[in-house]
Amino acid sequence: MSDIEDTNSHAGFDSIDHQPTYIYVPSNELSDSPERPAKRRKSGKSKAINLQPNKASSSVFESLLGGLESTECVKLRHELFQQAWGKTDARIQSLLNEANEGAFAEVTSFVNGTTGAENDKRVPACFIVTGPNIASQDTLFQQLSGRLKEEIDGSVVTLRSGDATNLKAVLKQVIRDATNQKFEEDELSDHIQDNRKLLNYDLEILHNFVKKHESQKVVVAIQDSEAFETSLIMDLISLFSSWLDRIPFVILFGVATSVELFQERLPKIASRYLQGIQIYVEQTSTVIEKVFEKAVANPLASLCLGPAIISTLMERQQDHVQSVQSFVAALKYAYMCHYYGNALSVFNTPLGSLSTSIKMMLPCHYEAVRTLPSFRKLAERFVATKQLDLARDARALFEDDKILIREMEHALKSRHADVVHLLRALHVLRSSSTAPEGIIDSYITIFEGGLQKSDALKGVLNAVKRSTPTDLIALIQRINTAIQEGNADMELDGWAKEEHEFLTQVRDIEKTATIMLEEAEDNGVRIRSSYDIHNKSARATVVAQRVQLSYEESTLTEEEKRYTKVIDRFIRILEEYFDLEDPQDRFMNEAWLCNTTISLLDAFAPRPRASIEEALSAPDQYLPRLSTAQSPAVQHATAVMYQRYLEAGSLINMADMWSSFLEQLMEAESEECDEREALMLFYRGLADLKLLGMVKQSKKKADHLAKISWQGL
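Residues numbered from 1 in each chain as written. Predicted model: local features only at pLDDT ≥ 70, side-chain atom pairs only at ≥ 80, totals over all residues. Heavy atoms only, no water.

K.L.:
Would you explain helix α32 (residues 675-691) in this entry?
P.N.:
Since the α-helix advances by 3.6 residues per turn, residues separated by three or four positions end up pointing in the same direction. The end-to-end C-alpha distance of α32 is 24 Å, a good match for the 24 Å that 17 residues give at a rise of 1.5 Å each. Turning to α32, its buried residues number three or more, namely A678, L681, F682, G685, L686 and L689. Take α32 and look down its axis: the buried residues cluster within an arc of 135 degrees, on one side only. Within α32, the exposed residues directed more than 90 degrees away from the buried face are R676 and L691. (Helix = DSSP H or I, 4+ residues; strand = E, 2+ residues; numbered from the N terminus. Expected span 1.5 Å × (residues − 1). Buried < 20%, exposed > 50% of the residue type's maximum accessible area, 1.4 Å probe, protein only. Arc of directions from axis to C-beta.)

K.L.:
Any chance you could explain unusual backbone geometry here in plain terms?
P.N.:
It is generally the case that most residues other than glycine have a negative phi and that most peptide bonds are trans. Although it is not a glycine, E214 adopts a positive phi angle of roughly 55 degrees. Mapped onto the elements of the fold, E214 is located in the loop between α8 (203-213) and β5 (217-222). One non-glycine residue with positive phi stands out, namely M588, at about 70 degrees. By secondary structure assignment, the location of M588 is in the loop between α25 (558-577) and α26 (589-592). Given a relative accessible area of 0%, M588 falls into the buried group.

K.L.:
Which parts of the structure should I look at to understand the pattern of salt bridges?
P.N.:
Two side chains of opposite charge can pair, provided their charged atoms sit close to one another. Scanning all chains against the criterion turns up 19 salt bridges. For the salt bridge of D177 with R176, the shortest nitrogen-to-oxygen distance reads 3.7 Å. For D177, a relative accessible area of 27% corresponds to the partly exposed category. Several salt bridges converge on common partners, so that one network encompasses E101, R147 and E151. (Salt bridge = Lys/Arg side-chain N within 4 Å of Asp/Glu carboxyl O.)

K.L.:
Even after reading the chapter, I still don't get a negative patch on the surface, so can you show me in this structure?
P.N.:
A grouping of E289, E437, D441 and D455 is seen on the molecular surface, where their side chains present a negatively charged patch. Structurally, D441 is set in helix α21 (residues 439-447). On the basis of relative accessible area, D441 is assigned to the partly exposed category, the value being 43%. (Patch = residues over 30% accessible without salt bridge, like charges linked within 9 Å, V, L, I, M, F, W, Y side chains within 5 Å. Areas by Shrake-Rupley, 256 points an atom, 1.4 Å probe, with all protein chains shown as cover. Lys, Arg positive; Asp, Glu negative; His and termini not counted. Charge placed at Lys NZ, Arg CZ, Asp CG, Glu CD.)

K.L.:
Teacher, can you tell me more about the sheet that holds strand β6 (residues 249-255) here?
P.N.:
Either a parallel or an antiparallel arrangement is found when strands of a sheet pair, and the pairing is made through backbone hydrogen bonds. The strand order across the open sheet formed by 5 strands is β2-β5-β6-β1-β7, and the pairing between neighbours is parallel. Of all the strands in the sheet, just β2 (154-159) and β7 (274-280) have a single pairing partner and so form its edges. For this sheet the average axis-to-axis angle between neighbouring strands, irrespective of direction, equals 20 degrees. Of the strand pairs in this sheet, strand β1 (residues 123-129) and β7 are connected by 7 bridges, and their pairing is parallel. What sits directly across from C126, in β7, is I277. Its contacts with the sheet put helix α7 (residues 167-179) on β2 and β5, and the angle it makes with β2 is roughly 140 degrees. (Pairing = 2+ DSSP bridges. Axes fitted to C-alpha atoms, helices over the stretch in contact; angles between N-to-C directions. Contact = heavy atoms within 4.5 Å.)

K.L.:
It is not clear to me how the pairing of β1 should be interpreted in this structure. Could you clarify?
P.N.:
Regular strands place side chains that alternate from one sheet face to the opposite one. Counting buried residues in β1 gives 7 out of 7 residues, a clear majority hidden from the surface. By the alternation rule, side chains of β1 split into V123, A125, F127 and V129 and P124, C126 and I128, which are all buried. Bridging between β1 and β6 involves 5 bridges; their strand directions are parallel. The partner of F127 across the bridge, within β6, is F253.

Written as structure tokens, this is what we have:
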């Protein structure tokens, strides 16, 4: 190709149209800039220098505390993150692999057990009801496909609505995936039968493959069947039915709503060609609760997630209907944020490695610990006791590093016991209620320190007040079983020995209630507490043609008074048991409790408009001055236009804005301002405001702009 032809071939090509960002270079710098120097040959010496790793930047994490953190601490934080998330992810993946094990077993049994009669044209079909969360269907069918490939003798093909443009495309994919072949763009395949080449969407290819390999089944899984066109599904069913005597087809339908609604979409003739069963898989909300029990509400979890961050994750999950994998990714991001941005996370180590972390402390760590909110609460508790020794320790915390280390070791060593105590109380609370709330809501209530005033505890206590002796005995037995057996899902072992005093008091109340119940049955009376009886009865009296109401208290029997005292005693025991300390008040909780939502909101719910408004309001904090010769108004013309935009009303007069803009430029420029250059800056700033969606052309007045958005709204 000649130079002239090469030039003409690139006519109209602009590299700016294909670069991801626009780089602004002032005109005066372009004129003064020297020509680009010629490329120099790289020498071996310079290459060796470039390839040498930088020790400061070799770690994935950055140095915190103003760069004063040592390299060893940075590496330790990275190692702790990998260890913590590695163990958590292993438990999650083990759970996800077993989540739908029962449903997969039913599908596999159905596929292996389908044997149609010779004249039966009905295609075996399995309707898998996945629920409304379509985001989880992809992972579900991937697991199901892998399971079927291992346990059946045949091929498995998965179809999605995005790949099914027409019947020909569907048949091509079924044949290609079932035979593990790759066809060219040409519709003729390499298969020859009766001296003719078969088309690559001819099911005769699949028939020959089934005969050659003696395949027992050909499973076609339609993942999002409700997104397919009805006519396409009808044609597939009819075609598979006609080939059923030669190709053993089995169809799996993924249904998000219900089988009845899906059947209404199909014509009756298509429904007659199907026979099979429906299987329900575990819903996404149930799987997420199980993941929560394994990863968060678990004593083996290396990092505790606070109520604020859990609330944010669940709101995002409910608002956007995310999949289980998205929820797991959000948990991993929370782990990463804690270890990446918290210098004190080096102390969130197993008890055996705690001494090593404390030996690595630098003066910047001591200063950081003394600025913690939990440190301030610790000092306030020492002073509030009004004991001389503790008051001296409160002062020594600020002056003596050894005293500070002693308190840090004590707080970090008791961290595991504190978390286990909260999780045990969570299990007992849910066991006490006949209709417990979700484990996630209970976790948030306990870890934010509001259990005493929560509706969950009030509901349990109100149920106790209105309970009969039979209900009270059943409640005590549930609590006793919960403490003795623990919770396998949360990996909590029984702790009856540690709660010996509490169990003794509870069993004493159970014995008393049992004796009273037996006596009442012998006497043929019913025992209720005063809380379950209307203590006051209204009595109406007519005096001088006026109705007066008087209240009389009901009289209680001796058994009812005695039973009321038993109820009051049991309520006091429960209130003392559920009187839990707020974990956010514990000293050094910032090391093992992640409760900040700023990084999560920036990652999963970014607010670009707030950032743009802040940048336009203070451009010097984001963009450095490119030249000392230029004034700020020239450099940030869009920011100047934005300030005039804020000062204007709903309609903006273009002439007034231009005169105000020009006046500010003239005040900022020491020399005479070039009106042509100012007009260029004005139009550029105006175009930026239109691009950001802040203004548009007014339909009422031709020389006015209409304001579309307001700051902060």
